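Examining the three-dimensional arrangement
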Amino acid sequence: MQSSRVLALGGALDRTGWSSPSSSALTRPGRSRGKAVSISAPLSSEGAPSDMTPASGRAWRVAVGTVLLLVLSNGPVLRFVTGVLGRSAHWNDWAVWPFFAGAAAASAVLAWADRHPSGYPAGPTGPNVRLAQQHPVEEDLRRATLSRAGLLALGWYSAAAVASSLWSVYPSATLWRSAVYLGLALLALTLAGFSDDELAKMLVLVTSVAVGGSLAVIALLREEGVDHQGNWIGVYTNRNSLAPMAAMGVIVGLRWLLAGSAIPRPRRLPPRARTGGSIRHGRPVPASTSVGGAALGSVSWRRVGGAALVAVSLVTMAGAGSRTAWSALAVALAVASALGLAATRVAGPCRVGSKKRWAALAGGAVVMAVAGATAAAAVWDVPTFAQRRAIWRLAWDRVQERPWGGHGFFAFWEVPELVQEHVLLQRGSAHSSLVETALGLGLLGVLPLVALAMLAAVNSGSSLWRRPSVDAWMWAALSVFVLVENLAESFVLWFSHIWVLLLAAALRRGTVSAQPQRLRQPGAQAPRQSGQQVAGADVL
């Protein structure tokens, strides 16, 4: 079968960065400053093009990730347990904990399946290589890489959480809840390895289902979709759970709205590389019908869908009335947009270590600091934030009682003697993942948490800086958003999707093209080795 398609062999298709030493990719030299452009397309064992593309072959992982994040958003589960089963929403209730234990087990299975991909050629042998040699075509395949520092910090935090059951004020609760958190860590590890397109698909599904379902409940069962103060809660238990999901919908919707016109890259690409498309039926597909290397329909329909998601998400945020979510969204959009704009104007032409590059990085840090300070000043005297500061002061007194190891992970609020001192302590959370970690794990847990937060900011920011694109912008904005949300809410406590996304941001170093290798045409001379470079800078 004649085809202009080439194949990606073995672990080159494993975009998680866990590929085996034998993995390789067939590439054709690009003409852009000596860089090679990765090419990838799976073929059948007979050497003919296969219908299973990397996107379709991993679609079930995206579906499983979507379901798990919806479960970990808590609201749908708790509303089902209280409204349908008539049980309490307490974590230890037999109707509640199996959902989250099951989600942790499913996360472990997903992580194992992601570590052992199937459906692709096993190695560079047989007629596939000959076909690839005869019909080289360029395609940009990117796979996410993981941060070793992030893995170390995550391992430290997880080990501290489990070990704290030895000195916890509620040992049994700490033990099973920290065990569930091991599953959440594995889910974050898996999501961190998703490609840009897989992340975008998963997040748009999660936010669309959550926001759409909430609006349906508000419209059809208003007494169930609105709290006693008139704030929208939808399928969630409070406005501070619905509003962050809607804010994520704004960020993801903007990505799809802008997908047809990516952030301009600072240097010129060769004509074929500029298409940014994929391969379909042996022919290159331009970027107008492809985002992140996967066919997703026309640009116009994607933009319509993105605009609709942004609109309904903004309406939902307005109805929920959560100032925390609005502030976090404003900071996230400002920081990501400023950094993306600086990257397109400054980062591209500069070499690593140049004065202009470091000046731009310093400018980005200043923008982030100013945005954070402005947001904090705007809401400093708002009653809800004044109450947070009061809770933090009361919690700090408890932290000083056990500064090194804390009271045990996820245990402090379960002991009446510790919270009966003040009415604000009876609300069940410290309204900050940092303060919550200090209460539960002391300095032993605060150190890795600070490291994870710093890595989330640095990894997502550096990815946008090195490779400015709408996907990198979306992930940077989302990372900043979950950082701010974790500072203002105790998402570390609630088996939360916001916590999982923070961990994923700390682990994910960005996407780079698979390591390219030069392939000689039959009878052609070998290319010069000095021209081989990683095509990680090839962006939309």
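Quick summary incoming for the structure in this document. Fair warning: this is a prediction, and the values are worked out from it, not measured in the lab.

The rules behind each value
Residues numbered from 1 in each chain as written. Predicted model: local features only at pLDDT ≥ 70, side-chain atom pairs only at ≥ 80, totals over all residues. Heavy atoms only, no water. 1 Å grid on protein atoms, 1.4 Å probe; cavity = no way out; pocket = protein on both sides within 12 Å on 5 of 7 lines; lining within 4 Å. Points joined across faces, edges and corners; volume = space filled by probe spheres on them. Helix = DSSP H or I, 4+ residues; strand = E, 2+ residues; numbered from the N terminus. Nonpolar A, V, L, I, M, F, W, Y, C, P; charged D, E, K, R; others polar. Axes fitted to C-alpha atoms, helices over the stretch in contact; angles between N-to-C directions. Parallel < 35°, antiparallel > 145°, perpendicular 65-115°, else oblique. Left-handed = near helix turned anticlockwise from the far one by under 90°. Contact = heavy atoms within 4.5 Å. Core = buried A, V, L, I, M, F, W, Y, C linked by side-chain atoms within 4.5 Å. Buried < 20%, exposed > 50% of the residue type's maximum accessible area, 1.4 Å probe, protein only. Patch = residues over 30% accessible without salt bridge, like charges linked within 9 Å, V, L, I, M, F, W, Y side chains within 5 Å. Areas by Shrake-Rupley, 256 points an atom, 1.4 Å probe, with all protein chains shown as cover. Salt bridge = Lys/Arg side-chain N within 4 Å of Asp/Glu carboxyl O.

Reported here for the largest pocket is a volume of approximately 990 Å³. What lines the largest pocket is a set of 38 residues, among which Asn238, Arg427, Ser429, His431 and Trp494 lie closest to the centre. Put simply, the parts of the chain that give the lining of the largest pocket at least two residues each are helix H3 (75-83), helix H10 (239-257) and helix H15 (383-401). With four residues, H15 is the single largest residue contributor to the lining of the largest pocket. Residue composition of the lining of the largest pocket, by class: 13 nonpolar, 19 polar and six charged.

Let us now look at the packing of helix H17 (residues 433-466) against helix H19 (residues 497-507). H19 packs onto H17 with a crossing angle of 65 degrees between their chain directions and a minimal axis gap of 7 Å. Compared by their axis directions, H17 and H19 come out roughly perpendicular. Between H17 and H19 lies a crossing whose hand is left-handed. Every residue of H19 that contacts H17 at Leu449, Leu452, Leu455, Ala456 and Asn459 is listed here: Trp499, Leu502, Leu503, Ala505, Ala506 and Leu507. When the residues that make up the contact of H17 with H19 are grouped by side-chain class, the tally is ten nonpolar, one polar and no charged.

Counting 119 residues, the largest nonpolar core has Met202, Phe481 and Phe495 as its most contacted members. For Phe481, the residues in contact, after removing those within four places along its chain, are Pro244, Ala247, Met248, Ile251, Ala325, Ala328, Leu329 and Ala332.

Taken as a whole and assessed by the stated rule, the structure comprises five cavities of 30 Å³ or more. Estimates place the volume of the second largest cavity at around 80 Å³. Lining the second largest cavity are 13 residues, with Phe409, Phe410, Glu436, Gly440 and Leu493 sitting closest to its centre. No other element matches H17, which puts four residues into the lining of the second largest cavity. Classifying every residue of the lining of the second largest cavity gives nine nonpolar, three polar and one charged.

For the rest of this paragraph, the subject is the packing of helix H2 (residues 59-72) against helix H8 (residues 196-220). Where H2 meets H8, the closest approach of the two axes is 9 Å, and the angle between their N-to-C directions is 40 degrees. The pairing of H2 with H8 is recorded here as oblique in orientation. In this structure, the crossing between H2 and H8 has a hand that is right-handed. Taking contact as the criterion, the partners of Val62, Gly65, Thr66, Leu69 and Leu70 in H2 are, on H8, Glu198, Lys201, Met202, Leu205, Val206, Val209 and Ala210. The residue inventory of the contact of H2 with H8, partitioned by class, reads eight nonpolar, two polar and two charged.

On the surface, Trp156, Leu166, Trp167, Trp404, Leu443, Leu444 and Leu447 cluster together into a nonpolar patch covering about 750 Å² of accessible area. With three residues, the single largest contributor to the nonpolar patch is H17. Looking at where Leu444 falls in the secondary structure, it is placed in helix H17. Overall, Leu444 belongs to the partly exposed group, its relative accessible area being 31%.

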